[in-house]
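Listed below are the residues making up each chain.
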Amino acid sequence: MPGQWHTLTGGEVARLLAVDPAQGLGEKEAEARYREVGPNDLPRQQGVPLWQMFFHQFRDFMVLVLLAATAISGLLGEYADAVTILLIVVLNAALGVLQEYRAEKSLAALQKLTAPEARVLRGGMEKKILAARLVPGDIVLLEAGDRVPADLRLLQAAQLEVEESILSGESMPVRKDPAVAGSGAGEHRNMAFMGTMVTRGRGRGVVVATGLATAMGQIARLLAGTQQESTPLQRRLAQLGGYLVAFCLLICAAVVVLGVYRGAPLYNMFLAGVSLAVAAIPEGLPAIVTVVLAVGVQRMARRQAIVRRLPAVETLGCATVICADKTGTITQNKMQVRQVVTAGGTRAEITGQGYEPRGRVKLLQGREGRDWQLLMQAAAICNNALLKKGGLSIGGFFRSRAAGMADGWQVQGDPTEGALLVMAARCGYWREKLLQPEDVLAELPFESERKRMTVLVREKTGPVAYTKGAPDVLLELCTQVCRGEQIVPLTDEIRKEIIQQHSEMAAAALRVLAFAWRPLPSGEGEYSPDTVEREMVFLGLAGMYDPPRPQVSGAVALCRRAGIKTVMITGDHSLTAQAVAQEIGLLGRGDQILTGQELDRLSDQELSARADKVSLYARVSPQHKLRIVRALQENGHVVAMTGDGVNDAPAVKKADIGIAMGQSGTDVTREAAGMVLADDDFSTIVAAVEEGRGIYDNIRKFIRYLLSCNVGEVLVMFVAVLAGLPLPLLPMQILWMNLVTDGLPAMALGMDPYDRDIMYRPPRRPRESIFAGGLGWRILGSGMLIAAGTLLIFVLAWYQTHQLDLARTMAFNTLVFFQLFYVFSCRSEHHSIWEVGLTSNPYLLLAVGVSTALQLLVNYVPLLQRLFHVVPLPAAQWGLILLVTALSLLLGTVYKMLQKRLREKIMYLRV
Ligand code: ATP
């Protein structure tokens, strides 16, 4: 009965789909249904097949020129040339396919990593599964920030609002209500549709349609997945490529015209011109950049940083500020309540192992009066977490009874609430014993902006509200206070006392939550925050410890050395945040703290003026994050910003590098982010920055290599023609080294291990040229050295033997071996090969080995000798070639050693 689900009640839908809403489907049943209906996804774009990839290579302008040259050689009867060029073109295309295939594979792997997930109830247990595995009948749990994973008939909802613009074009969220009868205007209020976004509240629904059967599937619009944008560097390189082509064509034309003018045959000069153009233009460059980026992305994924947008990789290397959430990113989000202080002055210390509900409760002061009892009830009842072991569970409104768990106690849901549930259990208060699920009347869910949450329950005396939240916020809602057995007005004096207690706990790095309670007049109509959360009775405080993640201190110190500022942003109280910041060494001299309230009073300009000095923002709401990003960007910073909640998305989107949480984050933020942290850990961001820097470094390495080689080749030909010498290299030889022997080492350079000092340098400026830091000069210098060496050998051999083929063979080999030695010099801009370690990049050794073997084949296989016009060289000649070419590496090493000495001297003088 597709399309009619909304006309039935939730119970009828569940019956029709043969599912118990409290248990969900069993795994076996779900598997059977999956086999029947197939995966819950919409058709995606298919990958390009290999043969198409191969033919795509022939769209390249240079390849087309080469093919034209093949045709011309063939027509003129130069069959050997034609076949050789064709062979080289095909080999080059195969290399191109290899590179593209690798890139595509890594991007596909990436898409898998960022595949959407859904929270379901299976066999009575709450589980996270791939959204694609959902089947009709599955019970799905929704909360703010989730993308609805299939079409659902809602069964329960608390303040649930869903934004359906993707389906209806209407951007105002729709309030959902499972009880609405489904006809007319309200017909969609009891449904949630695939692809729409939960903006508020929580709910639960039964899957009625998956995949193409959903409303979304019928419109067949694709959901946003991993995007394959080009990075700024790729765009700049494409531009550079354009200029280079124009420039090279000019030089080549000059060579051809000069050659013909000097009397060389037109056909020879034409081929020389074409091959020179091919030599000069680094056509492999964009492909290798893509491969390096893709390989880097895989490397980052292994370090738990999943890149959703390729440009993020590049921007990461430029990051100057990392803004990170405290809870869960800097801390472990494994909370333990350590202290309880009731409004009546009862004070207790709570200890215990993990989530084990039996712990030690040591009363330090006072006794367990009514304030204690109400506080514990509030902690257990105003709670959506689930504490479970084996078949036993106690849990909140939307959670189910867990069954069949392995040993050990576990908490499911929000860790703050988990800690409170454990605390209450340790003190003997179990939710299941306090009330039945049907006694829950409503929930006013927690939101970061509200900083509180309320659950309304029916008790013998009538409806009662239990609230928990930030102490400062709750104090504002209370007019009375429970002291021992009595309820008295909340005077300023008592308020001060409570604030003092709170400050003491916060200064010990404890995250403090307050509790309040209020009996409600019955029949108050619809429960809303305004009617319920007022005139409450304050009950007391609980302080929990959330230890910092072990690697965070090291990562913060590393950032400081790398010229990156770390900023902690938290909704928590400033004293708690400050204590944590001190624990991880985040606050340096002169670093300031700003609270959300103070921030509200600053104009955008004032905030910008202060932003550089602030290292800690406390008691902020997600909206403040956007202002913080803007202020920092205004000051020229490249900002990385983390986010998890639904309202963090705008700030995450605005940041230069938006970072979402893989474990605790919401779908909305994940989709807005450029990168997702699989482990939610701050130190992973720092690792990703390191990778980002390394990847850029490696791109510079092979750009240096490829361009130096190209400059060398062009200069050899150009100078020879200018000097009236015969051409030192034949067109086939130029093509061969350019398209075959260069490519592999360049690719291997892209996988080079990063320099050790990569995090000891300041961040790169985002608009910095790829040739910055003297790279352009180095390329020219090395190119000239290569050309000079090659010409020297050529001229020597030519004057000594007057055998042109021999001289050319020597020039050809000299150039190739120059390049194969030089590639080792390109591994670091500052460190000599000995410091880098000769064997630390096995790919490079392999690539150089293969290129050497190919070059030897050309030298010694008779057929290839004929095609490439080479003659076998005697050992003495080889010796000379190796001596001269090894010089490039030697000179590079000496240069770097001198440079290092000089740097050390300057440092010494400065000190
Ligand atoms: P961070 O911003 O570093 O993640 P946070 O968890 O403290 O830290 P929010 O989630 O915005 O930030 O919470 C803000 C405040 O709301 C908390 O400091 C706490 O006082 C209160 N709070 C957090 N979780 C709950 C909850 N489940 N129920 C009621 N109040 C909560």
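Provided above is the structure to which this section pertains.
Residues numbered from 1 in each chain as written. Predicted model: local features only at pLDDT ≥ 70, side-chain atom pairs only at ≥ 80, totals over all residues. Heavy atoms only, no water.

(A) Looking closely at the packing of helix α22 (residues 604-611) against helix α23 (residues 622-634). Where α22 contacts α23, the two axes come as close as 8 Å, and the packing angle between them is 70 degrees. The angle between α22 and α23 places the two elements in the roughly perpendicular class. Considering the relative orientation of α22 and α23, their crossing is right-handed. Touching Asp604, Leu607, Ser608 and Ala611 of α22 are Arg627, Ile628, Ala631, Leu632 and Glu634, all from α23. Classifying every residue of the contact of α22 with α23 gives five nonpolar, one polar and three charged. (Axes fitted to C-alpha atoms, helices over the stretch in contact; angles between N-to-C directions. Helix = DSSP H or I, 4+ residues; strand = E, 2+ residues; numbered from the N terminus. Parallel < 35°, antiparallel > 145°, perpendicular 65-115°, else oblique. Left-handed = near helix turned anticlockwise from the far one by under 90°. Contact = heavy atoms within 4.5 Å. Nonpolar A, V, L, I, M, F, W, Y, C, P; charged D, E, K, R; others polar.)

(B) Structural context of the site of the ligand. Not every one of the 20 residues close to the ligand is listed here, only the nearest: Lys326, Thr327, Glu417, Arg511 and Gly571. Taking serine 448, its side chain carries an N or O atom lying 2.9 Å from an oxygen atom of the ligand. Notes on the ligand: free accessible area 600 Å², of which the protein chains cover 92%. Among the elements of the structure, α12 (326-330), β17 (452-459), β18 (462-469) and β21 (510-519) are those that each provide at least two residues to the shell around the ligand. Across the shell around the ligand, the residue classes break down as five nonpolar, five polar and 10 charged. (Near = heavy atom within 4 Å. Polar contact = N/O pair within 3.5 Å; in protein donor to acceptor, adjacent residues only side chain to side chain. Areas by Shrake-Rupley, 256 points an atom, 1.4 Å probe, with all protein chains shown as cover.)

(C) Molecular detail of the packing of helix α26 (residues 682-722) against helix α30 (residues 804-825). Relative orientation of the contacting elements α26 and α30 amounts to 155 degrees, with a least axis distance of 10 Å. It follows that α26 is roughly antiparallel to α30 by the angle criterion. Every pair of crossing elements has a handedness; the one defined by α26 and α30 is right-handed. Note on element contacts: α30 touches α26 through Leu815, Gln819, Tyr822, Val823 and Ser825, opposite Arg704, Tyr705, Ser708, Cys709, Glu713 and Val716. Along the lines of polarity and charge, the residues of the contact of α26 with α30 split into six nonpolar, three polar and two charged.

(D) The arrangement of the side chain of arginine 204 in detail. As for its position among the elements, arginine 204 is in strand β7 (residues 197-209). A polar atom in the side chain of arginine 204 sits 3.0 Å from the backbone oxygen of proline 21.

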